[in-house]
Amino acid sequence: QKEVEQNSGPLSVPEGAIASLNCTYSDRGSQSFFWYRQYSGKSPELIMFIYSNGDKEDGRFTAQLNKASQYVSLLIRDSQPSDSATYLCAVIGNSGYALNFGKGTSLLVTP
Amino acid sequence: DTGVSQDPRHKITKRGQNVTFRCDPISEHNRLYWYRQTLGQGPEFLTYFQNEAQLEKSRLLSDRFSAERPKGSFSTLEIQRTEQGDSAMYLCASSFLSSGGYTFGSGTRLTVV
């Protein structure tokens, strides 16, 4: 069982809509959770991190964490075509060292 | 300081040859990580340094792979006797001790022919 699971998509949303990206993880001792955006042919860039249960907002992005359900999500409000990319969920598990990444969800925002 | 720097950006090599990649992290970051990413997959952890000490190695890192970080500054990743399955993007990232978020370099794309 892979430690971090994401639906590979593609997830297609119209411009201006809310995109909802989901991620589950298997290590119940995980402490830190991250969302990275990766454009085709580029390296991942950090967009959000969350450590505590609940919501964390940063501009158009909201990260949500539910440790009891081992579930983390990313909401993108007012989606723009420039948001079209692969979104990678990453978790630091009990070891506290390396980020474990999911396969990523491909998001397509259509004009 | 413009971020994490990786060299070369692209490398094409023949099967069986040795290759070496370099990573220069952000200067104040003491943690350095190597990842490998293939098409359609998320980055896979290879190894991790805190300063000059290599603290963790993935089971993915076979005996043909070796990484160093002399003096806790830049790092090198060497692959000996390359195989076609080694073709991938090799990503380096760095972070500061108290922060979990990494900054990635642009990566080195390796093609083994």
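Quick caveat, the model's predicted, so the values are computed rather than measured. One numbering rule holds for all chains: residues counted from 1, following each sequence as written. Chains carry letters and ligands carry numbers; both start at the beginning, A for chains and 1 for ligands, and go up in the order they are written. Residues qualify for local features only when their pLDDT is at least 70, as the model is predicted, and side-chain atom pairs are given and counted only at 80 or more; totals for whole chains, interfaces and linings, by contrast, use all residues. Side-chain numbers here rest on the full set of heavy atoms in the structure, without hydrogens or water.

K.L.:
Even after reading the chapter, I still don't get the interface of chain B and chain A, so can you show me in this structure?
P.N.:
Interfaces are often described in size by the accessible area the parts lose on coming together. The partner chain A presents 17 residues to the 19 residues of chain B that form the contact. Once two parts are joined, some of their accessible surface, as seen by a 1.4 Å probe, is lost; buried area is that loss totalled over both. Taken together, the two surfaces of chain B and chain A that pack against each other cover about 1400 Å², and 56% of this comes from carbon and sulfur. Salt bridges, as used here, are contacts in which a Lys or Arg side-chain nitrogen is within 4 Å of a carboxyl oxygen on Asp or Glu. Our count for the contact surface shared by chain B and chain A stands at zero salt bridges. Think of a polar contact as two N or O atoms within 3.5 Å of one another; within protein, one of them needs to be a possible hydrogen donor and the other a possible acceptor, and neighboring residues in sequence only count if both atoms come from side chains. At the junction of chain B with chain A, the criterion picks out five residue pairs in polar contact (both at pLDDT 80 or more). Every element with two or more residues in the side of chain B that touches chain A is listed here: strand S4 (31-37), strand S5 (44-50) and strand S6 (53-57) of chain B. Helix and strand assignments come from DSSP, with helices taken as H or I runs of at least 4 residues and strands as E runs of at least 2, each series counted from the N terminus. Counting residues per element, the side of chain B that touches chain A draws most heavily on S4 of chain B, which supplies four residues. Three residue categories are used. Nonpolar comprises Ala, Val, Leu, Ile, Met, Phe, Trp, Tyr, Cys and Pro, charged comprises Asp, Glu, Lys and Arg, and polar comprises the others, including Gly. Residues belonging to the side of chain B that touches chain A are distributed by class as follows: nine nonpolar, eight polar and two charged. Between two residues, a contact is recorded if the distance between any of their heavy atoms is within 4.5 Å.

K.L.:
Even after reading the chapter, I still don't get the packing of aromatic side chains, so can you show me in this structure?
P.N.:
A ring pair, where both rings are aromatic, is described by two values, the distance of the centres and the angle of the planes. Classification of ring pairs uses Phe, Tyr and Trp, with its six-membered ring standing for Trp, and accepts pairs whose centres are within 6.5 Å; under 30 degrees between planes counts as stacked, over 60 as edge-to-face, and the remaining range as tilted. In total, this model carries 15 aromatic pairs over all chains according to the counting rule given. Between Phe34 of chain A and Tyr51 of chain A the ring centres are 6.3 Å apart and the planes differ by 75 degrees, which places this aromatic pair in the edge-to-face class. Here the residue Phe34 of chain A occupies a position in strand S4 (residues 32-38), and Tyr51 of chain A occupies one in the loop between strand S5 (45-50) and strand S6 (54-58), the gap between them amounting to 17 residues. Only protein chains enter the calculation, and the probe is 1.4 Å; a residue is then buried if its accessible area is under 20% of its type maximum, exposed if over 50%, and partly exposed in between. For Tyr51 of chain A, a relative accessible area of 35% gives the class partly exposed. For the ring pair Tyr102 of chain B and Phe104 of chain B, a centre distance of 6.1 Å and an interplane angle of 50 degrees mean the geometry is tilted. For the pair shown, Tyr102 of chain B and Phe104 of chain B are each scored as buried.

It is worth stressing that arrangement in space is one thing and function is another; only the former is reported here.
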